[in-house]
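Chain residues, written in single-letter form:
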Amino acid sequence: MVLHILLVGAGLSGAVIGRELAQQGHLVTVIDGRDHIAGNCHTERDRDTGVLVHRYGPHIFHTDDDGVWDYVNQFAEFMPYKNRVKTTAQDAVYSLPINLHTINQFFAKTLRPDEARAFLAAQGDSTITDPQSFEEQALRFVGRDLYEAFFEGYTIKQWGCSPRDLPAAILKRLPVRFNYDDNYFFHTHQGMPKDGYTPMIAAILDHENITVQLNTLFKPEDADGYDHLFWSGPLDGYFDYQLGRLGYRTLDFERFTEQGDYQGCAVMNYGDQDIPYTRITEHKHFSPWETHDSTVCYREFSRAADPDDIPYYPIRMVKEKSLLADYIGLAKTVEGVTFVGRLGTYRYLDMDVTIREALDTAAVFSENLAMGKSMPTFVTAPL
Ligand SMILES: Cc1cc2nc3c(=O)[nH]c(=O)nc-3n(C[C@H](O)[C@H](O)[C@H](O)COP(=O)(O)OP(=O)(O)OC[C@H]3O[C@@H](n4cnc5c(N)ncnc54)[C@H](O)[C@@H]3O)c2cc1C
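Caption draft 1: Quick look at the sheet that holds strand β8 (residues 92-95). Reading across from one edge, β8-β7-β13-β14-β15-β12-β16 is the order of the seven strands in this open sheet, with mixed pairing throughout. Looking at strand neighbours, the two that pair on one side only are β8 and β16 (313-314), the edges of this open sheet. Relative to strand β13 (residues 267-270), strand β7 (residues 86-89) is paired through three bridges, and the arrangement is parallel. Residue Lys 86 lies in a different strand from β13, and its bridge partner there is Met 268.

See below:
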C-alpha cells in the first residue's frame, strides 16, 4: 500500500525517516520553515573566506554504531577528524578533556599516571560522600582548583545558573584521563563529511518519491490529505505552546574574519566567567584537508531562549520535565502524528543517535503497517 507522508523538518530526522519511507515505496513530502535543508547540522561556504562553516555550531560525527557509520558513508565521503579541544583559563592555555598533560601543566608537576591518580584523589573533597549538585560532584572528583579553572565559569556561562543548582548526575564519572590522550571522543568512528553535512543530507533526500519544500512553516491544514505526519519541530510548537513553553538555551554567534590562522585549533573554550563567551570556533580547522589564506571564527554566547530564538539545548530541569510530561499526555491524544528528533522529543541527541532513532522509527512504521496497527505517538519515550 502506498501512503502519503508529511514530514515537518528537513534536518537529519526528517531526511532519514523520509528516505527510508520513500524506499518502502511511500510518497513523501518534507517541509521546512528555513531556506535550507539539514536543520542545525547545516554547513555552507562562508561568503568572504570560502571556508566551510557550521552555521549553527560545530558538528563532529562520532559513533560506535557500525550500522549508522555504514549508513552515512553511503551518502558522503568522510574524512578522518579528531576533536582536540583547548581551553583558556586563568591566563593559560590547557588541553581538554582534563588529561595528564593538563594536570602536570596546571600543577607544574611531572607526574606519571599512577602518581597523578593519587595526587588527584588527594585534591578531591573526601568530606562529600553523597554529592547533591554538579558542584559537589566536581569538588569530590577533582578538588576546588581544577573545578574553578575548568568547570565553574564555563558551566555558569553555558547554563546561566550556578553549578550548585545543577544535578550531580551531569558529571557521572571522573571527567579526567590519566594519560596524554586528548581526543575529545572515545568512539570507534570519528570523522567529518568532506563537503559538509548539507550535501550529505541532500543526498539522503535525493529520491524520486521525496519532494522537499523550503520556506514552508507548517500550518495545520498542510496535513490535509496525508496518511501520516512525522513532526521533528518543537513538541510544544505543534500545540501552539498552549500549556507554556519548554525551556531552551539558545546561542548567539559573533562572526569575525582574520588573515592566516587565528587560534591554531578548531575549538578554544574560555573557562573564566569574566569572558562573556563560552568558546571561539575557527571553522577552517574543521576541514584540515582544505587550504584557505583567510579564516572565519565564531564567538559563541549562550543564553536563555526567547520565543523568537532558535532552540538549541533543552534545559530538562524539574520544571521543564513536568511541563514535558503534560505535553506528552497531550500528544498522546492526537492521532496520525509521530513526534521525532531532538525537538519533537525535547532531548539533546547526537547525530548518530538521531539517525539510529530515525531508522528505527521507519522500521516501526513498516512493521505496524504490515500488522494493521497504528503508529505510536513516540517511538522513543521523551522521559
Ligand atoms: C550547538 C550544537 C552542536 C552540536 N554538535 C554536535 C556534534 O558535534 N556531534 C553530534 O553528533 N551532534 C551534535 N549536535 C546535535 C545535532 O545538531 C542533532 O543531532 C541534529 O540536529 C538533530 O536533527 P533533527 O532533525 O532532530 O533536528 P534539527 O536539526 O533541529 O531539524 C529540525 C528542523 O525542523 C524545522 N522546523 C521546526 N519547526 C518547524 C515548523 N513549524 N515548520 C517547518 N519546519 C520546522 C527546523 O527549521 C529544522 O530545520 C549539536 C547540536 C547543537 C545544538
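Caption draft 2: Molecular detail of the site of the ligand. The ligand sits among 34 residues. The nearest are Ser 13, Asp 32, His 59, Leu 349 and Met 351. The separation between an oxygen atom of the ligand and a polar side-chain atom of Ser 13 is 2.7 Å. A distance of 2.7 Å separates an oxygen atom of the ligand from a polar atom in the backbone of Met 351. If you list the elements that add at least two residues to the shell around the ligand, you get α1 (12-23), α9 (341-344) and α10 (351-371). With three residues, the single largest contributor to the shell around the ligand is α9. When its residues are assigned to classes, the shell around the ligand shows 17 nonpolar, 13 polar and four charged.

Caption draft 3: Spotlight on the sheet that holds strand β6 (residues 78-80). With antiparallel pairing, three strands are arranged side by side in an open sheet as β5-β9-β6. The open sheet terminates on both sides in strands that have one partner only, identified here as β5 (61-63) and β6. Each adjacent strand pair in this sheet contributes to an overall mean axis angle of 40 degrees, direction not counted. The pairing of β5 with strand β9 (residues 189-193) spans three bridges and is classified as antiparallel. Counterpart to His 62 in the pairing with β9 is Gln 190.

Caption draft 4: Representation of the side chain of Lys 284 within the structure. As for its position among the elements, Lys 284 is in the loop between β14 (279-282) and β15 (294-304). For the buried residue Lys 284, which engages in no salt bridge, the nearest side chain bearing the opposite charge is Glu 282, 5.1 Å off. Within polar-contact distance, the side chain of Lys 284 engages the backbone oxygen of Gly 260 at 2.8 Å. At 2.9 Å, the side chain of Lys 284 forms a polar contact with the backbone oxygen of His 292. Excluding anything up to four places from it in sequence, Lys 284 contacts Val 51, Gly 260, Asp 261, His 292, Asp 293, Ser 294 and Thr 295.

Caption draft 5: Seen up close, the pattern of salt bridges. Across all of its chains, the model carries 22 salt bridges by this definition. A salt bridge links Asp 182 to Lys 86; the shortest N-O distance between them is 3.7 Å. Of this pair, Asp 182 sits in the loop between α5 (134-159) and β9 while Lys 86 is found in strand β7, placing the two residues 96 residues apart along the sequence. Given a relative accessible area of 23%, Lys 86 falls into the partly exposed group. One connected set of salt bridges, linked through shared partners, spans Asp 46, Arg 47, Asp 48 and Arg 255.

Caption draft 6: Here's a closer look at the pairing of strand β1 (residues 4-8). The buried count for β1 comes to four of five residues, which makes it a mostly enclosed element. One crossover worth recording links β1 to the parallel strand β2 (residues 27-31) by way of α1, and it is right-handed.

Caption draft 7: Just the environment of Met 268, in detail. When you line up the elements, Met 268 lands in strand β13. Taking the relative accessible area as the measure of exposure, Met 268 reaches 8% and is therefore buried. Met 268 sits ten residues away from Thr 278 along the chain, and the two C-alpha atoms are 8.7 Å apart. In this structure, Met 268 is in contact with Lys 86, Thr 87, Thr 88, Val 93, Gln 263, Thr 278, Arg 279 and Ile 280, ignoring residues within four places of it in sequence.

Caption draft 8: Region of the structure containing unusual backbone geometry. Going from Leu 96 to Pro 97, the amide bond is cis rather than trans, its omega being -15 degrees. Summarising the element assignment, Pro 97 is placed in the loop between β8 and α3 (100-106). In the Ramachandran plot, Asp 91 falls in the positive-phi region, its phi being about 65 degrees despite a non-glycine side chain. With respect to the helices and strands, the residue Asp 91 is situated in the loop between β7 and β8. Even without a glycine there, the phi angle at Arg 316 is positive, about 55 degrees. Here Arg 316 is to be found in the loop between β16 and α8 (318-331). On the accessibility criterion, Arg 316 (23% relative accessible area) is partly exposed.

Caption draft 9: Expanded view of the packing of helix α2 (residues 66-75) against helix α6 (residues 197-205). Contact geometry of α2 with α6 gives a least axis separation of 8 Å together with a crossing angle of 90 degrees. By the angle between their directions, the pair α2 and α6 is classed as roughly perpendicular. Contact residues: α2 offers Tyr 71, Val 72 and Phe 75, while α6 offers Met 200, Ala 203 and Ile 204. In terms of residue class, the contact of α2 with α6 is built from six nonpolar, no polar and no charged.

Thresholds applied
Residues numbered from 1 in each chain as written. Predicted model: local features only at pLDDT ≥ 70, side-chain atom pairs only at ≥ 80, totals over all residues. Heavy atoms only, no water. Pairing = 2+ DSSP bridges. Helix = DSSP H or I, 4+ residues; strand = E, 2+ residues; numbered from the N terminus. Near = heavy atom within 4 Å. Polar contact = N/O pair within 3.5 Å; in protein donor to acceptor, adjacent residues only side chain to side chain. Nonpolar A, V, L, I, M, F, W, Y, C, P; charged D, E, K, R; others polar. Axes fitted to C-alpha atoms, helices over the stretch in contact; angles between N-to-C directions. Buried < 20%, exposed > 50% of the residue type's maximum accessible area, 1.4 Å probe, protein only. Lys, Arg positive; Asp, Glu negative; His and termini not counted. Salt bridge = Lys/Arg side-chain N within 4 Å of Asp/Glu carboxyl O. Contact = heavy atoms within 4.5 Å. Right-handed = clockwise from strand over helix to strand, strands pointing away. Parallel < 35°, antiparallel > 145°, perpendicular 65-115°, else oblique.

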